[in-house]
Amino acid sequence: MGRGKQTCQGKQHFSHPHILKPIVNPTETLTCNVCEQPNITSNFYGCNTCQYYLHENCLNAPRFLDHPSHSSHHVTLLPVPTYSNRSFTCKACGSAGTGCSFSCACCDFDIHMQCALLPQTVVLPQQHHHELELIFESPYDDEADENTVFVCDVCHDNADLNNWLYYCADCDFGTHLECAISKSVRQQEPKKLPVNKPRANRVIIRKTEEESIKIQETNQKEEEEDEEEDGGSMNEVKKMKHFSHSHAVELSEVQETEEILCSGCEDKLCGTAYKCTKRNCEFTLHI
Ligand SMILES: [Zn+2]
Ligand SMILES: [Zn+2]
Ligand SMILES: [Zn+2]
Ligand SMILES: [Zn+2]
Ligand SMILES: [Zn+2]
Ligand SMILES: [Zn+2]
Ligand SMILES: [Zn+2]
Ligand SMILES: [Zn+2]
């Protein structure tokens, strides 16, 4: 079959600087760098040089979500946690994560990507005769919480009411997320959440120019001397290059009171954001 038009099957992902190619019949079990799960059912893409692999579904996950558990802000897909210990605690399932997360930097809100894409309802025909609903808060009054120990109705272990549950309010039947998903008949087809597309894109990103964020400490002097931030811890200020902007940017704290809009999605910024280090350049971006 030498004559067919060759199509490049490689894909680019913002979390990795190299083209990711389909992995056919891997000889060993690979772990997805986004969801930290192995490659059992889904197609895998990867960079063999760097041992960097992703599920096809994870590769195609949206950059922004409006998630019902966090209605005040959109949540942003981060390739790695931005906390200094390089890990986050998932608000949904309560366990730690070191891979991709959907995060709101304003609120220190972080959830695993796979937790963000959990179905809103599940059916466990062996365990319960009603549909279970995904709930984000304790089903009980605040006052009751302190003395209430909630027991998962599938595994009979305690469940932390600060985390999400699958729950039937009529019967007070509730389960851990993973207990429901492992028994669910809809396991193979998790519902995708509606994607909240950024309204206007002032940052034009063409496919061929997509590049991951290259973090590089620059010791070079800028043409103009940059004003140092007063009060900021100097050691933590790292200049880096962002694929969507020609000047160096740095992570910087935006106060609630400042009216600064994201140059990408035009939503109001607060918390940590990328800011251009050039004087008079207004470029700022959600992380
Ligand atoms: Zn994955
Ligand atoms: Zn690579
Ligand atoms: Zn989680
Ligand atoms: Zn938030
Ligand atoms: Zn359980
Ligand atoms: Zn029920
Ligand atoms: Zn700039
Ligand atoms: Zn934004």
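Source: prediction; values computed, not measured.

What counts, and where the lines are drawn
Residues numbered from 1 in each chain as written. Chains lettered and ligands numbered in written order. Predicted model: local features only at pLDDT ≥ 70, side-chain atom pairs only at ≥ 80, totals over all residues. Heavy atoms only, no water. Buried < 20%, exposed > 50% of the residue type's maximum accessible area, 1.4 Å probe, protein only. Helix = DSSP H or I, 4+ residues; strand = E, 2+ residues; numbered from the N terminus. Pairing = 2+ DSSP bridges. Phe/Tyr/Trp six-rings, centres within 6.5 Å; stacked < 30°, edge-to-face > 60°. Donors = N, O, S within 2.8 Å, 3.2 Å for Na, K, Ca; no water. Tetrahedral: all angles 85-135°; square planar, octahedral: opposite > 155°, others 65-115°. Polar contact = N/O pair within 3.5 Å; in protein donor to acceptor, adjacent residues only side chain to side chain. Contact = heavy atoms within 4.5 Å. Core = buried A, V, L, I, M, F, W, Y, C linked by side-chain atoms within 4.5 Å.

Caption draft 1: Spatial organisation of the pairing of strand β6 (residues 75-78). The alternating pattern of β6 places Val 75 and Leu 77 and Thr 76 and Leu 78 on opposite faces, both of which are buried. Both strand β5 (residues 64-65) and β6 contribute to a ladder of two bridges, which runs antiparallel. Within β6, the residue paired with Phe 64 across the bridge is Thr 76. Looking at chain direction, β6 and strand β9 (residues 101-104) are connected through three bridges and run antiparallel. Along β9, the bridge assignment pairs Thr 76 with Ser 103.

Caption draft 2: Focus on the packing of aromatic side chains. This structure, assessed with the given rule, holds four aromatic pairs. Aromatic pair Tyr 140 and Phe 150: ring centres 6.1 Å apart, planes at 45°, arrangement tilted. Residue Tyr 140 is located in the loop between β12 (132-135) and α3 (142-145), and its partner Phe 150 is located in strand β13 (residues 150-151); the two are separated by 10 residues in the primary sequence. Here Tyr 140 falls in the partly exposed class, since its relative accessible area comes to 23%.

Caption draft 3: Structural detail: the coordination of the zinc ion (ligand 6). Taken together, His 128 (NE2), His 130 (ND1), Cys 168 (SG) and Cys 171 (SG) make up the protein donors of the zinc ion (ligand 6), found 2.0 to 2.3 Å from the metal. Coordination at the zinc ion (ligand 6) comes from four donor atoms whose angles at the metal span 97 to 117°, giving a geometry best classed as tetrahedral. Positions of the donor residues of the zinc ion (ligand 6), expressed as sequence spacing, correspond to H-x1-H-x37-C-x2-C. Given a relative accessible area of 4%, Cys 168 falls into the buried group.

Caption draft 4: Seen up close, the coordination of the zinc ion (ligand 2). Every protein donor of the zinc ion (ligand 2) is listed here as His 16 (NE2), His 18 (ND1), Cys 47 (SG) and Cys 50 (SG), and their distances to the metal cover 1.9 to 2.3 Å. Geometry at the zinc ion (ligand 2) is tetrahedral, judged from its four donor atoms and the angles of 101 to 115° they form at the metal. Along the chain, the residues that donate to the zinc ion (ligand 2) are spaced as H-x1-H-x28-C-x2-C. Here Cys 50 lies in the loop between β3 (44-47) and β4 (52-55) and His 16 lies in strand β2 (residues 16-23), a separation of 34 residues in the sequence. Classification of His 16 as buried rests on a relative accessible area of 6%.

Caption draft 5: Inspection of the side chain of Ser 101 at higher detail. Mapped onto the fold, Ser 101 is located in strand β9. On the accessibility criterion, Ser 101 (1% relative accessible area) is buried. Within the local environment of Ser 101, its side chain forms a polar contact with the side chain of Ser 103, the two groups lying 2.9 Å apart. Residues in contact with Ser 101, not counting those within four places in the same chain, are Thr 76, Leu 77, Leu 78, Phe 88, Asp 110, Ile 111 and Met 113.

Caption draft 6: A look at the nonpolar core. Core analysis: the biggest nonpolar cluster contains 46 residues, and Phe 102, Ile 111, Met 113, Trp 164 and Tyr 166 have the highest contact counts within it. Judged by nonpolar contacts, the second largest core, of 14 residues, contains Leu 78, Cys 265, Tyr 274 and Phe 283.

Caption draft 7: Structural detail: unusual backbone geometry. Located in the positive-phi region is Asp 108, a residue other than glycine, with phi close to 50°. As for its placement among the helices and strands, Asp 108 is situated in the loop between β9 and β10 (109-112). With a phi close to 55°, Asp 172 is a non-glycine residue in the positive phi region. Given a relative accessible area of 38%, Asp 172 falls into the partly exposed group.

Caption draft 8: Geometry of the sheet that holds β10. Here four strands make up an open sheet; going across it, the order is β5-β6-β9-β10 and the pairing antiparallel. Each edge of the sheet is formed by a strand with only one pairing partner; in this case those strands are β5 and β10.

Caption draft 9: Quick look at the sheet that holds strand β16 (residues 173-175). Strand order in this open sheet of four strands is β11-β12-β15-β16, and the pairing throughout is antiparallel. Bordering the open sheet on either side are β11 (121-122) and β16, each of which pairs with just one other strand. Direction of pairing for β11 relative to β12: antiparallel, over a ladder of two bridges. Paired with Val 122 across the strands is Leu 132, a residue of β12.

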